[in-house]
Each structure stands twice: as C-alpha cells, then as structure tokens.
Amino acid sequence: MYPIIVSEDLISKQECNFIIGLIKDKTFSHTPQNANLPEDPILDNIRIRALHVYSDFEGFSVLEDFQTRLNNFVEKNFSAKIISVTSHAFVKYTPNQYINIHRDWEPTDPYVIENNKQQVHLSSITYFNEDFVGGEICIKEKDIFDSDLMTLTPKTGTTVFIDGGKYHITKPIISGAKYSYTKFYTLDI
C-alpha cells in the first residue's frame, strides 16, 4: 500500500485558470463507468463527463510540463520508477454528479481481464478549480461507506495521490462545476 500524499504546489493557480479557460466551453462527452450507478437514461444526468485531450489541444504544452512534474514527484516520493501513465482526460462534475465507492484498480473487472490491462499502483487527482460546493473526495478504510480515513475539500492546484487499491468516493456536487484531471500510474515494483 502506498501512502496518501497531498501536494499543493505541482501546478500553479495561473496554469489552472489558463486550462479552465480553454476547457470550460468544450463538450465533455465521454461517459466513464460510474461504479454502482445503473445503466438508466433517466439517471444519465448524474454521470460525470470526461474530455480527452491530445497533442493538438491548445494548452497541451502546459499539461506536458505538468505531467513531467507529476512523474518526478511520483518517482521521488514513492521511490518507484514509472512504467506507464494512463488517462489524459479532464473530468467535469456538475450538480448531483458524483462517483460512488470504488477503487482505481479492480483486478477482477471483466474490462481489465479482457483487455489485459496493466495494474494501477497509484492514482493522482488534480483539482483545477474550487468555485463549487460539494465534490469532496473521501478516502475509505475499505468498501464501507462510513469508514472515512480522510476527506478532502478540493482546492485549486491541489493534487492527491492515492494507492490504486484504496477505496474512495467523490461526493455529489451541490452547485457549480468541478474540473479535475486524473492519472493512473503503473510502477516498477
């Protein structure tokens, strides 16, 4: 198990504001699986949306620099070499959207098995804004709803690193929109 580490200085507020300015009016159309949320079109407004960015994204150079900082932080603070990093997507949460209790690494997930996915040892979640209500992340002792180890209210530029096998939830947004950037790391352990 890797420790939970919170960093407040891997990306500046100015960089966050720049990126938010570029993405806030874009269409967040990809719908990631939301653990324990039924496949029901009536509930579709509860599902979070993602925006995948590629090298043609106007702010890509800022994200590349940020990714280098993330990688250096991981290798230094977790004493591990990175084999791969996945997920180049922003996630947008609007009122009533959340992610129920889950782990970022589920070795028995059919998608993981069918696609021979590499293990996620570590995850990072970076928050690009704080002008919303709700959306706290709760790290859990195990898959029990009332077993909070830590609750974090997202602040602009804060990055949380958690073990890929650690249970966590994102509480519903009450008002506003939350923008985050999640990365999944496979480490040489």
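Description of the structure in this document. Only a predicted model underlies this, so the values are computations on that prediction, with no experimental measurement involved.

About the thresholds
Residues numbered from 1 in each chain as written. Predicted model: local features only at pLDDT ≥ 70, side-chain atom pairs only at ≥ 80, totals over all residues. Heavy atoms only, no water. Helix = DSSP H or I, 4+ residues; strand = E, 2+ residues; numbered from the N terminus. Contact = heavy atoms within 4.5 Å. Areas by Shrake-Rupley, 256 points an atom, 1.4 Å probe, with all protein chains shown as cover. Buried < 20%, exposed > 50% of the residue type's maximum accessible area, 1.4 Å probe, protein only. Axes fitted to C-alpha atoms, helices over the stretch in contact; angles between N-to-C directions. Parallel < 35°, antiparallel > 145°, perpendicular 65-115°, else oblique. Left-handed = near helix turned anticlockwise from the far one by under 90°. Nonpolar A, V, L, I, M, F, W, Y, C, P; charged D, E, K, R; others polar. Arc of directions from axis to C-beta. Phe/Tyr/Trp six-rings, centres within 6.5 Å; stacked < 30°, edge-to-face > 60°. Lys NZ or Arg CZ within 6 Å of the ring centre and 35° of its normal.

## Digging into the overall build of the protein
Here comes step 1: Along its length, the protein carries three helices and 12 strands.
Here comes step 2: In the protein, of all internal contacts separated by at least 6 residues, the share reaching a separation of at least 24 is 81%.
Here comes step 3: Roughly 9900 Å² of accessible area belongs to the protein as shown, and the carbon and sulfur atoms make up 50% of that amount.

## Section: the environment of Asp-65
Here comes step 1: Within the secondary structure, Asp-65 sits in helix H2 (residues 60–77).
Here comes step 2: On the accessibility criterion, Asp-65 (48% relative accessible area) is partly exposed.
Here comes step 3: Counting along the chain gives 54 residues from Asp-65 to Ile-11, while the straight-line C-alpha distance between them is 9.3 Å.

## Some details on the packing of helix H1 (residues 13–23) against H2
Here comes step 1: Between H1 and H2, the least distance of the axes is 11 Å, while the angle of their chain directions is 135°. On the basis of the axis angle, H1 is oblique to H2. Taken as a pair, H1 and H2 cross one another with a handedness that is left-handed. Where H1 abuts H2, its residues Glu-15, Phe-18 and Ile-19 lie against Val-62, Leu-63 and Arg-69.
Here comes step 2: Taken together, the residues of the contact of H1 with H2 sort by class into four nonpolar, no polar and two charged.

## Side note on H1
Because the α-helix completes a turn every 3.6 residues, residues three or four places apart line up on one side.
Here comes step 1: When we look at burial in H1, the residues that qualify are Cys-16, Ile-19, Ile-20, Leu-22 and Ile-23. Axial view of H1: buried residues confined to an arc of 160°, hence all on one face. Facing away from the buried side of H1 by over 90 degrees, the exposed positions are Gln-14 and Asn-17.

## Structural notes on the packing of aromatic side chains
Here comes step 1: All chains considered together, the criterion is met by nine aromatic pairs.
Here comes step 2: The interplanar angle of 75° and the centroid separation of 6.2 Å between the aromatic rings of Phe-128 and Tyr-181 together place this pair among those described as edge-to-face. Remark: Tyr-181 occurs in strand S12 (residues 178–188) and Phe-128 occurs in the loop between strand S5 (122–127) and strand S6 (133–134); sequence separation between them is 53 residues.
Here comes step 3: An aromatic cluster is present here, built from Tyr-2, Phe-73, Phe-78 and Phe-161 joined pairwise through their rings.
Here comes step 4: Taking NZ or CZ as reference, Lys-178 lies 4.2 Å from the ring centre of Tyr-93, over its face.

Remember, this is a structural readout, not a statement about activity or role.
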